[in-house]
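Chain by chain, the residues:
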Amino acid sequence: MGTTEAIANFVTQTRSADIPPEVFRHAKRHVIDTLGVAIGSSSEPVAQNLAALVAGQREGETILWSGRGRTTALEGAWVNGTLAHALDFDDGGVALTPMHPSSPVLAAVWALGESQNLSAMDAISAYIVGLEVECKIASAISLSHYEHGWHATAVIGVLGAAGGTSWLAGLNADQTRNAIGIAASLAGGLQANFGTMTKPLHAGIACRNGLVATLLAKAGWTANPSILEADNGFFTVFGCGEIKDLNSFGKPFHFLSPGVSLKRFPTCSATHLGIEAILGLKRDHQLAADQIENMECRVHALSFQALRQEPEVRTAEEARFSLRFAAAIALLEGSVELKHFSQATFRRPDVRALMQRVRVSVHPELSDLESKKRNFAEVIVHRKDGSSIAKRETQIRGRAPVLLDDFEVDAKFRGCTEPVLGERNSQALLERLRSFESLPTLKTLLPAAFGSA
């Protein structure tokens with residue numbers, strides 16, 4: 001059986017009752033997280049620019065997650081998918097492939113589910129199906145596609161969005177294969193746009209294109225029914241290398257093993273091991289900025305490829321992809337939080353001075369793709385008194401096996417949403433999301449949080 005057929009069979013044969021309760025528990029946590037970071041981006045320049053382009057109306061098929069009115073399902077999908085990725089705080093860490101699985105899928109199934117007045121159980125089931133498709137593909141392909149410069153969230157995310165919306169739209173197996181075929185031709189996204197507004201747009205476009213593919217397939221549009229494995233098909237053209245077994249969808253669900261990570265730092269995942277190492281050095285050695293002559297951060301080659309290397313940052317987008325900035329903030333503040341991504345912080349003399357003393361490089365043990373399996377970051381601090389201290393960090397809190405718990409996810413949600421919704425509305429929305437799967441419709445959930453009818 002080919003991979004495209006295997007996906008179609010999984011999508012069309014899976015029922016909500018087939019999904020284990022534990023998978024729903026994990027999925028709901030990620031729904032809370034994704035909506036939280038999307039709402040938290042509402043005051044960002046990205047959200048303001050989107051609002052100017054897509055003028056929300058009182059009536060429409062789906063709500064904009066910035067609270068700025070309603071719009072069509074297709075417009076809502078790409079806007080909300082972009083918002084979900086705008087802070088680079090959405091989930092990530094799928095096996096070895098650096099990608100964000102929820103932002104391209106959740107906004108797509110939400111837009112279709114709301115436009116068709118479907119239940120929250122339908123939406124979360126479709127989300128689980130779509131995420132399973134993209135995560136299993138991401139786990140099965142080689143990292144060579146990422147090394148080549150493709151943005152996995154966009155390239156693979158569109159297939160997850162098509163899988164999830166195909167399930168929700170009730171497509172048959174042939175239609176689903178066509179939807180995957182259409183989506184494969186709409187895939188794209190370049191790492192050269194990391195650290196700009198276009199990076200989160202990749203998730204939004206993948207989200208919209210996955211929904212477009214489903215709607216076209218439902219209307220009778222055709223595509224190569226074996227597009228993933230075909231000669232000059234998806235796997236070949238995107239340089240996915242040797243493909244592992246892809247007939248194990250749902251056995252077990254990726255949410256259960258190896259798990260999907262949640263971020264506790266609002267920065268590119270390539271910075272996280274370095275941040276963890278610096279926080280450990282600060283804690284264990286009472287390290288202070290005025291003690292430091294210089295600091296070396298040595299990371300995996302793929303992490304280095306994703307990061308910006310300028311010795312200063314001018315925008316929040318640049319800062320999220322700067323390990324120099326993250327290292328300086330972690331050492332100066334003892335944490336890396338949304339509040340640090342401001343022009344006032346970027347101009348601080350102590351931040352700018354410390355960034356100049358941080359060097360980022362590829363660790364000699366982490367220069368090839370195979371070494372990603374033993375990934376770590378090593379931070380070496382050279383102090384002004386001539387001594388040096390070092391820490392090699394292999395674990396990120398939030399990534400399996402040390403996943404964030406419900407208390408931490410709820411705290412992150414409130415931290416993202418309270419500045420936008422206020423404490424009362426934020427807490428009320430959180431409580432409704434905790435029983436999300438029981439809601440008969442999606443239509444009233446977010447309007448109530450934003451104080452609209």
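In what follows, the accompanying structure is described. Keep in mind that this is a model prediction, so the values were computed, not measured. (Residues numbered from 1 in each chain as written. Predicted model: local features only at pLDDT ≥ 70, side-chain atom pairs only at ≥ 80, totals over all residues. Heavy atoms only, no water.)

1. Looking at the overall build of the protein
Scanning the protein from N- to C-terminus turns up 21 helices and 6 strands. Relative to the globule expectation of 22 Å for 453 residues, the C-alpha radius of gyration of the protein, 21 Å, shows essentially globular dimensions. With the C-alpha coordinates of the protein rotated into their principal frame, the extents come out at 70 × 50 × 40 Å. Relative to all contacts within the protein whose residues are 6 or more apart in sequence, the contacts with residues 24 or more apart total 77%. In the form shown here, the protein has an accessible surface area of approximately 16900 Å², with 51% of it arising from carbon and sulfur atoms. (Helix = DSSP H or I, 4+ residues; strand = E, 2+ residues; numbered from the N terminus. Rg over C-alpha atoms; globule rule 2.2 N^0.38 Å. Contact = heavy atoms within 4.5 Å. Areas by Shrake-Rupley, 256 points an atom, 1.4 Å probe, with all protein chains shown as cover.)

2. Overview of the sheet that holds strand 5 (residues 377-383)
If you trace the 4 strands from one edge of the open sheet to the other, you get 4-3-5-6, paired in mixed fashion. If you trace the sheet from one side to the other, it starts and ends with strand 4 (358-362) and strand 6 (388-393), each paired once. Averaged over all adjacent pairs, the angle separating strand axes in this sheet is 15 degrees, with direction ignored. In this sheet, strand 4 lies alongside strand 3 (residues 292-299) in parallel orientation, the contact comprising 5 bridges. Bridge pairing in strand 4 links Cys297 to Val360. Packing against the sheet, helix 16 (residues 323-333) makes contact with strand 3 and strand 4, and its axis sits at approximately 125 degrees to strand 3. (Pairing = 2+ DSSP bridges. Axes fitted to C-alpha atoms, helices over the stretch in contact; angles between N-to-C directions.)

3. Points about unusual backbone geometry
Note that the residue after Lys251, namely Pro252, is joined by a cis bond; omega there is -10 degrees. Topologically, Pro252 is positioned in the loop between helix 12 (234-237) and helix 13 (272-285). Note that the residue after Ser257, namely Pro258, is joined by a cis bond; omega there is 5 degrees. Inspection of the secondary structure assignment puts Pro258 in the loop between helix 12 and helix 13. We note that Asp88 has phi near 50 degrees; this positive angle belongs to a residue other than glycine. Non-glycine residue Asn117 carries a positive phi angle of around 55 degrees. You can see Asn117 is positioned in the loop between helix 5 (102-115) and helix 6 (120-140). Asn117 gets classed as partly exposed once you look at its relative accessible area, which sits at 46%. (Buried < 20%, exposed > 50% of the residue type's maximum accessible area, 1.4 Å probe, protein only.)

4. Points about the pairing of strand 3
Residues in a regular strand project their side chains so that they alternate between the two faces of the sheet. Most of strand 3 is tucked away, with 6 of its 8 residues classed as buried. As paired strands, strand 3 and strand 5 are joined by 6 bridges and run antiparallel to one another. Of the residues in strand 5, the one forming a bridge with Glu296 is Ile380.

5. As for helix 4 (residues 73-85)
Note: α-helices contain 3.6 residues per turn, so residues at a spacing of three or four share the same orientation. Helix length check: helix 4, at 13 residues, gives a terminal C-alpha distance of 18 Å against a target of 18 Å (1.5 Å per residue), a fit within 8%. Ala73, Gly76, Ala77, Trp78, Val79, Asn80, Gly81, Thr82, Leu83, Ala84 and His85 are the residues of helix 4 that are buried. On its buried face, helix 4 sits against helix 2 (21-40), helix 3 (45-53), strand 1 (62-63), strand 2 (70-71), helix 5 and helix 11 (198-218). (Expected span 1.5 Å × (residues − 1).)

6. So, the pattern of salt bridges
Here the structure, examined in full by the defined rule, presents 24 salt bridges. Put simply, Lys412 and Asp33 hold a salt bridge, and the shortest N to O gap is 2.8 Å. Of this pair, Lys412 sits in helix 19 (residues 406-421) while Asp33 sits in helix 2, placing them 379 residues apart in sequence. Pair check on accessibility: Lys412 and Asp33 agree, each one buried. The salt bridge partner of Arg308 is Glu318, with a shortest N-O separation of 3.7 Å. Of this pair, Arg308 sits in the loop between helix 14 (301-306) and helix 15 (316-320) while Glu318 sits in helix 15, and the two are 10 residues apart along the sequence. (Salt bridge = Lys/Arg side-chain N within 4 Å of Asp/Glu carboxyl O.)

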